[in-house]
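Structural overview for review
Residue strings, one per chain:
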Amino acid sequence: MPGKGVIRFNMFTGIVETTSRVMRTQNSSGVKSITIELPKSFNDLKKGSSIACDGICLTVTQLNTDSFNVEIMQETVQKTTAGNWNKGTILNLERALKLEDHLDGHLVLGHIDRTTTFLEKKTISATTYLRFSLDSRDRELVVKQGSVALNGVSLTVAELNSSSFTVALISYTLDTTNLRYLSPGANVNLEYDIIGKYIQNLYHSSDFKNKL
């Protein structure tokens, strides 16, 4: 059977496998249930599997021959773009990392830090650059040539200033993810590099400062 013996764990690489559309949504008792069209290549999914949907780590609660369901808690709805997902919304999908997988992007947990606003798109010498707003509270989490995940896509920071950052996309990434549909003003899910967050937390801890 496909997927038999495969061990996956709740981490991702930020290398989107495919996109798929939302078939329907339902809100009940503070939980948003999303039915997503099942990609043919996702033949090892099962109930309980973790899957990144636009960068959000979610759990498969139901599985059918042509679709799967995930449930989104109210906190996630409020903190991410999931509150705006409706029938027809195109989502980036990535299954959880297998133990033997190559880490082609960077370690992504699927825990969204905040949403960010898409500002502009420009093309220079066949390279597409997308610029996004940067919350002043997060400035120390972003470094030039460092990694960020936008809607679950692992990208490298090409330009950085006090209020925005820019990522560069190759044509493959643009063609195979939903970032190609962005219009100025759109919100996307943003996850900062986990290593940077741990370093920031350590640096600001009282124990660390007392040792300096």
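Refer to the structure presented above.
An account of the accompanying structure is given in this report.

Conventions we followed
Residues numbered from 1 in each chain as written. Predicted model: local features only at pLDDT ≥ 70, side-chain atom pairs only at ≥ 80, totals over all residues. Heavy atoms only, no water. Buried < 20%, exposed > 50% of the residue type's maximum accessible area, 1.4 Å probe, protein only. Helix = DSSP H or I, 4+ residues; strand = E, 2+ residues; numbered from the N terminus. Pairing = 2+ DSSP bridges. Phe/Tyr/Trp six-rings, centres within 6.5 Å; stacked < 30°, edge-to-face > 60°. Lys NZ or Arg CZ within 6 Å of the ring centre and 35° of its normal. Core = buried A, V, L, I, M, F, W, Y, C linked by side-chain atoms within 4.5 Å. Contact = heavy atoms within 4.5 Å. Axes fitted to C-alpha atoms, helices over the stretch in contact; angles between N-to-C directions. Polar contact = N/O pair within 3.5 Å; in protein donor to acceptor, adjacent residues only side chain to side chain.

Our focus in this paragraph is the pairing of strand β6 (residues 67–72). For a regular strand, the rule is simple: side chains alternate between the two faces of the sheet. With respect to burial, β6 is a largely interior element, five of its six residues being buried. As paired strands, strand β3 (residues 31–37) and β6 are joined by six bridges and run antiparallel to one another. Note on β6: the bridge partner recorded for glutamate 37 is serine 67. Summarising the sheet, strand β5 (residues 56–63) and β6 pair through three bridges and their orientation is antiparallel. From the neighbouring strand, valine 60 faces β6, where its bridge partner is valine 70. Between β5 and the antiparallel strand that follows it, β6, lie three residues.

The next subject is the packing of aromatic side chains. For the coordinates displayed, the defined rule picks out two aromatic pairs. On the numbers, 5.5 Å between centres and 50 degrees between planes, the contact of phenylalanine 118 with phenylalanine 132 is tilted. With phenylalanine 118 in strand β9 (residues 114–124) and phenylalanine 132 in strand β10 (residues 127–133), this pair connects stretches of sequence that are 14 residues apart. Both residues of the pair, phenylalanine 118 and phenylalanine 132, count as buried. Aromatic pair phenylalanine 132 and phenylalanine 165: ring centres 5.8 Å apart, planes at 25 degrees, arrangement stacked. Placement of the pair is phenylalanine 132 in strand β10 and phenylalanine 165 in strand β13 (residues 164–169), with a sequence separation of 33 residues. The rings of Phe118, Phe132 and Phe165 are connected pair by pair, giving a single aromatic cluster. Positioned above the aromatic ring of phenylalanine 42, the side-chain terminus of arginine 95 is 4.3 Å from the ring centre.

This next bit is on the nonpolar core. Inside soluble globular proteins, nonpolar side chains tend to come together where they are buried. Grouped together as the largest cluster of nonpolar side chains are 21 residues, with contacts concentrated most on Phe132, Val148, Leu150, Phe165 and Val167. Elements with a minimum of two residues in this core: β10, β11 (147–150), β12 (153–160), β13 and β14 (187–192). Other than its neighbours up to four places away in sequence, leucine 150 contacts Thr116, Phe132, Leu155, Phe165, Val167, Leu179, Val188, Asn189 and Leu190. In terms of nonpolar packing, the next biggest core, distinct from the first, is built from 20 residues, Leu45, Val60, Phe68 and Val77 among them.

Before going further, it helps to examine the sheet that holds β14. Ordered by their spatial adjacency, six strands build a closed barrel running β9-β10-β13-β12-β11-β14, and the pairing between neighbours is antiparallel. Each strand axis lies, on average, 45 degrees off the axis of its neighbour in the sheet, ignoring direction. When β9 meets β14, the two strands line up antiparallel, connected through four bridges. Within the sheet, the bridge partner assigned to threonine 117 lies in β14 and is asparagine 187.

In this fold, threonine 35 is placed in strand β3. Within polar-contact distance, the side chain of threonine 35 engages the side chain of asparagine 69 at 3.1 Å.

This part takes up the sheet that holds β3. The strand order β2-β3-β6-β5-β4-β7 describes a closed barrel built from six strands, whose pairing is antiparallel. Neighbour-to-neighbour, the strand axes of the sheet open up by a mean angle of 45 degrees, direction not taken into account. Strand direction decides the pairing type here: strand β2 (residues 18–28) and β3, joined by six bridges, are antiparallel. Along β3, the bridge assignment pairs serine 28 with valine 31.

One non-glycine residue, serine 125, lies in positive phi territory at about 50 degrees. Tracing the sequence through the fold places serine 125 in the loop between β9 and β10. Among the residues examined, serine 125 registers a relative accessible area of 71% and is labelled exposed. Positive phi is not limited to glycine here, since glutamine 145 has a value of about 75 degrees.

Summarising the element assignment, asparagine 178 is placed in the loop between α2 (171–176) and β14. Judged by relative accessible area, which is 6%, asparagine 178 ranks as buried. Only 2.8 Å separates the side chain of asparagine 178 from the side chain of asparagine 92, close enough to count as a polar contact. With near-sequence residues (within four places) excluded, asparagine 178 lies in contact with Thr19, Asp54, Ile90, Leu91, Asn92 and Asn151.

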